[in-house]
Amino acid sequence: MYTGIVHGAYPLASVVRKTGLHQLFIELPPVLLEDLQIGASVGLDGVCMTVTKINGQRVSFDAMQETLNLTTLGGLVGGDLVNVERSAKQGAEIGGHNISGHIDGCAEIIAIEQTENNCSLHFRLPSQLSKYVFKKGFIGVNGCSLTVADYQRNEACFTVCLIPETLRVTNLGAKQIGDRVNIEVDRQTQVIVDTVERVLAEREL
């Protein structure tokens, strides 16, 4: 479980591509290495990943085929910036919203509006996720807990507004039109929508 408050964006040291498996290597700062053990969960661009090796500051993760198919991790190469968050500790402050690290799909950046102190990113969602997104609701974008500033349901497009601190700490400020990001819808919203749909369907039987 994660909070959606990304610690920082760090470059991948290297990527080893194998059949059905990519090994991702990243060098983490001391603050993220504290008490880190093999088998621990770490969020990489919002994807819950398991630590497989630790060699000094270099930490490795294995992305299996399902993860490569569903997320943006399959397209990463050495040098790419990746948002990193350690899993939440019990009793820790939740500054964002609960994120599971289980990605629902990818969204494409279709427009970027940049002003002196603000940045708005516009995304197009996969159609199957559109029913779970609401204006002022939560959404996970590359592991960042964000609020939906605007949503056009008919076009499955949503907007988020980023403050300078978010742009500084995460990799969202480096994204360009056409780039894809990992999306996790708010689980509480998903449960409510699915439950209402099921109840209405049962009433029609």
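Quantities reported herein were computed from a predicted structural model and do not represent experimental measurements. (Residues numbered from 1 in each chain as written. Predicted model: local features only at pLDDT ≥ 70, side-chain atom pairs only at ≥ 80, totals over all residues. Heavy atoms only, no water.)

Along its length, the protein chain carries 4 helices and 13 strands. Compactness check: the protein chain gives a C-alpha radius of gyration of 17 Å against a globular reference of 17 Å for 205 residues, within 12% of the reference. Overall size of the protein chain, expressed as C-alpha extent along the three principal axes, is 60 × 45 × 40 Å. Counting over 205 residues, the protein chain shows a buried share of 45%. Taking the contacts inside the protein chain whose residues are at least 6 apart along the sequence as the reference set, 69% of them involve residues at least 24 apart. Carbon and sulfur atoms provide 50% of the accessible area of the protein chain, an area that totals close to 10,900 Å². Between the centroid of the 17 positive side chains of the protein chain and the centroid of its 23 negative side chains there is a distance of 3 Å. (Helix = DSSP H or I, 4+ residues; strand = E, 2+ residues; numbered from the N terminus. Rg over C-alpha atoms; globule rule 2.2 N^0.38 Å. Buried < 20%, exposed > 50% of the residue type's maximum accessible area, 1.4 Å probe, protein only. Contact = heavy atoms within 4.5 Å. Areas by Shrake-Rupley, 256 points an atom, 1.4 Å probe, with all protein chains shown as cover. Lys, Arg positive; Asp, Glu negative; His and termini not counted. Charge placed at Lys NZ, Arg CZ, Asp CG, Glu CD.)

On to the side chain of T72, then. Tracing the backbone through its elements, the reader meets T72 in the loop between α2 (65-70) and β6 (81-86). The exposure class assigned to T72 is buried, which follows from its relative accessible area of 12%. Among residues more than four places away in sequence, those in contact with T72 are D45, C106, R180, V181 and N182.

Let us now look at unusual backbone geometry. In the Ramachandran plot, D45 falls in the positive-phi region, its phi being about 50 degrees despite a non-glycine side chain. By the secondary structure assignment, D45 is in the loop between β3 (41-44) and β4 (47-55). Residue classification places D45 among the buried positions, given a relative accessible area of 2%. Despite not being glycine, A156 shows a phi value in the positive range, around 55 degrees. Structurally, A156 can be placed in the loop between β11 (150-152) and β12 (157-162).

Right, let's get into helix α4 (residues 187-204). End to end, α4 covers 26 Å across 18 residues, agreeing with the expected 26 Å (1.5 Å per residue, within 8%). By the burial criterion, the buried members of α4 are T189, Q190 and V193. Relative to the axis of α4, the buried residues are bounded by an arc of 100 degrees and lie together on one face. Pointing more than 90 degrees away from the buried face of α4 are the exposed residues Q188, V191, I192 and R203. If you follow the buried residues of α4, they end up packed against β13 (180-185). (Expected span 1.5 Å × (residues − 1). Arc of directions from axis to C-beta.)

A few words on the sheet that holds strand β10 (residues 144-147). Across the sheet, which stays open at both edges, the 7 strands sit in the order β10-β9-β13-β7-β8-β12-β11 with antiparallel pairing between neighbours. Each edge of the open sheet is held by one strand with a lone partner, namely β10 and β11. Adjacent strand axes in the sheet meet at a mean angle of 35 degrees when their direction is disregarded. Across 6 bridges, the pairing between strand β8 (residues 119-124) and β12 is antiparallel. If you follow C119 over to β12, its bridge partner there is L162. (Pairing = 2+ DSSP bridges. Axes fitted to C-alpha atoms, helices over the stretch in contact; angles between N-to-C directions.)

This next bit is on empty space enclosed by the protein. Counting across every chain of the model gives 1 cavity of 30 Å³ or more. As a volume, the largest cavity reaches approximately 60 Å³. In this structure, the largest cavity is lined by Y2, V6, G43, G46, N83, V84, E85, I99, G101, N142 and G143. Among the elements that take part in the lining of the largest cavity, β6 stands out by supplying 3 residues, more than any other. Here the lining of the largest cavity is built from residues that sort into 4 nonpolar, 6 polar and 1 charged. (1 Å grid on protein atoms, 1.4 Å probe; cavity = no way out; pocket = protein on both sides within 12 Å on 5 of 7 lines; lining within 4 Å. Points joined across faces, edges and corners; volume = space filled by probe spheres on them. Nonpolar A, V, L, I, M, F, W, Y, C, P; charged D, E, K, R; others polar.)

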